[in-house]
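# Analysis of the macromolecular model
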Amino acid sequence: MDPALLKERELFKKRALTTPSVEKRKAEPIRDDKKKPKTSSAPAPKLDINSYKTATGSSQYRFGVLAKIVKHMRTRHQEGDQHPLTLEEILDETNQLDVGNKVKIWLQTEALQSNPKVEVTMDGKFIFKAMYKLKDRKSLLKLLKQQDLKGLGGILLDDVQESLPHAEKALKTLQNQNEIIFVSRPTDKKKILFYNDRTASLPVDEEFQKLWRSVAVDAMDDAKIDEYLEKQGIRSMQDHGLKKPMAPKRKKAAQRKKQFKKPRDNEHLADVLENYEDTTLTQKGQFSSKTAS
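Residues numbered from 1 in each chain as written. Predicted model: local features only at pLDDT ≥ 70, side-chain atom pairs only at ≥ 80, totals over all residues. Heavy atoms only, no water.

A cluster of nonpolar side chains, namely Val 215, Val 217, Met 220 and Tyr 228, defines an oily patch on the protein surface of about 360 Å² accessible area. Structurally, Val 217 can be placed in the loop between α9 (206–214) and α10 (222–231). On the accessibility criterion, Val 217 (38% relative accessible area) is partly exposed. (Patch = residues over 30% accessible without salt bridge, like charges linked within 9 Å, V, L, I, M, F, W, Y side chains within 5 Å. Areas by Shrake-Rupley, 256 points an atom, 1.4 Å probe, with all protein chains shown as cover. Salt bridge = Lys/Arg side-chain N within 4 Å of Asp/Glu carboxyl O. Helix = DSSP H or I, 4+ residues; strand = E, 2+ residues; numbered from the N terminus. Buried < 20%, exposed > 50% of the residue type's maximum accessible area, 1.4 Å probe, protein only.)

For helix α5 (residues 101–114), built from 14 residues, the straight-helix expectation of 20 Å at 1.5 Å per residue is met to within 8% by its first-to-last C-alpha distance of 19 Å. The axis of α5 is deflected most strongly, by about 50 degrees, at Leu 107. (Expected span 1.5 Å × (residues − 1). Bend = angle between axes of the 7 residues up to and from the residue.)

A few words on helix α3 (residues 59–78). Taking 1.5 Å per residue, 20 residues should reach 28 Å; α3 reaches 29 Å between its end C-alpha atoms and fits that length. Turning to α3, its buried residues number three or more, namely Val 65, Leu 66, Ile 69, Val 70, Met 73, Arg 76 and His 77. The arc that holds the buried residues of α3, viewed along the axis, is 135 degrees, so those residues lie on one side. Opposite its buried face, α3 presents the exposed residues Gln 60 and Lys 71, each directed more than 90 degrees away. Among the structural elements, α4 (87–93), α5, β1 (118–120), β2 (126–128) and α7 (157–163) are those in contact with the buried residues of α3. Following α3 by one or two positions, Gly 80 has its phi on the positive side, about 105 degrees. (Arc of directions from axis to C-beta. Contact = heavy atoms within 4.5 Å.)

Glancing now at the sheet that holds strand β3 (residues 155–156). The 3 strands are arranged β3-β5-β4 in an open sheet whose pairing can be described as antiparallel. Because the sheet does not close on itself, it has two edges, and the strands there are β3 and β4 (180–184). Sheet topology places β3 next to strand β5 (residues 191–195); 2 bridges connect them, and they run antiparallel. By the bridge assignment, Ile 155 is partnered in β5 with Leu 193. (Pairing = 2+ DSSP bridges.)

Attention now moves to the pairing of β5. Here β4 pairs with β5 via 5 bridges, running antiparallel. Note on β5: the bridge partner recorded for Ser 184 is Lys 191. Connecting β4 to the next strand, β5, in antiparallel fashion are 6 residues, including Lys 189 with a positive phi near 65 degrees.

Bringing the packing of α3 against α5 into the picture now. Close contact between α3 and α5 brings their axes to 11 Å; oriented N to C, the two are set at 60 degrees. Judged on the interaxial angle alone, α5 and α3 are oblique. Here the hand of the crossing between α3 and α5 comes out right-handed. Contacts from Tyr 61, Arg 62, Phe 63, Val 65, Leu 66 and Ile 69 of α3 reach α5 at Val 103, Trp 106, Leu 107, Ala 111 and Leu 112. Here the residues of the contact of α3 with α5 are counted per class, giving 10 nonpolar, no polar and 1 charged. (Axes fitted to C-alpha atoms, helices over the stretch in contact; angles between N-to-C directions. Parallel < 35°, antiparallel > 145°, perpendicular 65-115°, else oblique. Left-handed = near helix turned anticlockwise from the far one by under 90°. Nonpolar A, V, L, I, M, F, W, Y, C, P; charged D, E, K, R; others polar.)

A grouping of Glu 79, Asp 81, Glu 89, Asp 92 and Glu 93 is seen on the molecular surface, where their side chains present a negatively charged patch. Mapped onto the elements of the fold, Glu 93 is located in helix α4. Assessed through its relative accessible area of 40%, Glu 93 is described here as partly exposed. (Lys, Arg positive; Asp, Glu negative; His and termini not counted. Charge placed at Lys NZ, Arg CZ, Asp CG, Glu CD.)

A few words now on the nonpolar core. Counting 18 residues, the largest nonpolar core has Leu 66, Ile 69, Leu 107, Leu 112 and Phe 126 as its most contacted members. The contacts of Leu 107, once residues within four sequence positions are left out, are Val 65, Leu 66, Ile 69, Leu 87, Leu 91, Leu 112 and Gln 113. (Core = buried A, V, L, I, M, F, W, Y, C linked by side-chain atoms within 4.5 Å.)

Moving on, we come to the pattern of salt bridges. For the structure shown, the criterion picks out 5 salt bridges. Here Arg 185 ties to Asp 188 by a salt bridge, and the two come within 2.7 Å at their closest N and O atoms. Arg 185 sits in the partly exposed class, given a relative accessible area of 30%. Residue classification places Asp 188 among the partly exposed positions, given a relative accessible area of 35%.

It is worth spelling out the packing of aromatic side chains at this point. For the structure on display, the rule yields 2 aromatic pairs. Note on Phe 63 and Trp 106: the rings are 5.3 Å apart at their centroids and 80 degrees apart in plane angle, and the pair reads as edge-to-face. Taken together, the positions of Phe 63 in helix α3 and Trp 106 in helix α5 put the pair 43 residues apart, joining distant regions of the chain. (Phe/Tyr/Trp six-rings, centres within 6.5 Å; stacked < 30°, edge-to-face > 60°.)

Relative to each other, helix α6 (residues 137–149) and helix α8 (residues 167–176) sit at 60 degrees, their axes nearing to 10 Å. If you check the angle between α6 and α8, you find them oblique. The interaxial crossing formed by α6 with α8 has right-handed handedness. Across from Arg 137, Leu 140 and Leu 141 in α6, the residues of α8 making contact are Ala 170, Leu 171, Thr 173 and Leu 174. By residue class, the composition of the contact of α6 with α8 is 5 nonpolar, 1 polar and 1 charged.

This is how it looks when you write it as structure tokens:
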């Protein structure tokens, strides 16, 4: 190694040892017990009502508007207002004129068109679509008579109240005239409306009515009732009810005796074969006679 470089290295070490060095410490941050709230420099965005209602993902709002419209259409139908309305008239009556254009287009082209409780007229207006087309109590009585004659049973009271304008007044009048009967369904306790056919009513003895009402069968099913009747020696119920159709038995075909069929080959030699059979028989007869002698 070059001796000049070594000499310079030794001199550098000596100078480094003689010069003092001071270490600088980093200043510690001053802690403040009170935390200052973070303030954002960007201003808060302003909420626009129309843009909020028509924003993507606001399906809950749209269906809320639709539900309010259907409820209003049902109420006005029950009050006797059965003339059709345009979409703007419906929104005006339901105080929803502030809906956006997207919601209006959705209501006009999709929601109201496909709703089962709304009917679209030829001129593009909307009207409530009831379960039954009823105008007054006479039309209701006619419908109940048709149901009774055809054996279709009764009608739900909820459907009648929805379809008939001023239904409560009409039902009360028919009930006072003894034209209808209410029956509660045991499954869900809903009331069913039937026509009261007074021609089918029969006088029943009071003693039999008392006996009938004294027997409680609400908590008994058909199997328990049948068991009770069998214990009492009553078997008149066994032939009632639905019967399963029995499959008809198939008759076996009569077996015919098998007949030996002659081969159809060589039909043109039928005469020759008969003569051959006759000659063979005569020969066998002669042969057998000769042997016997």
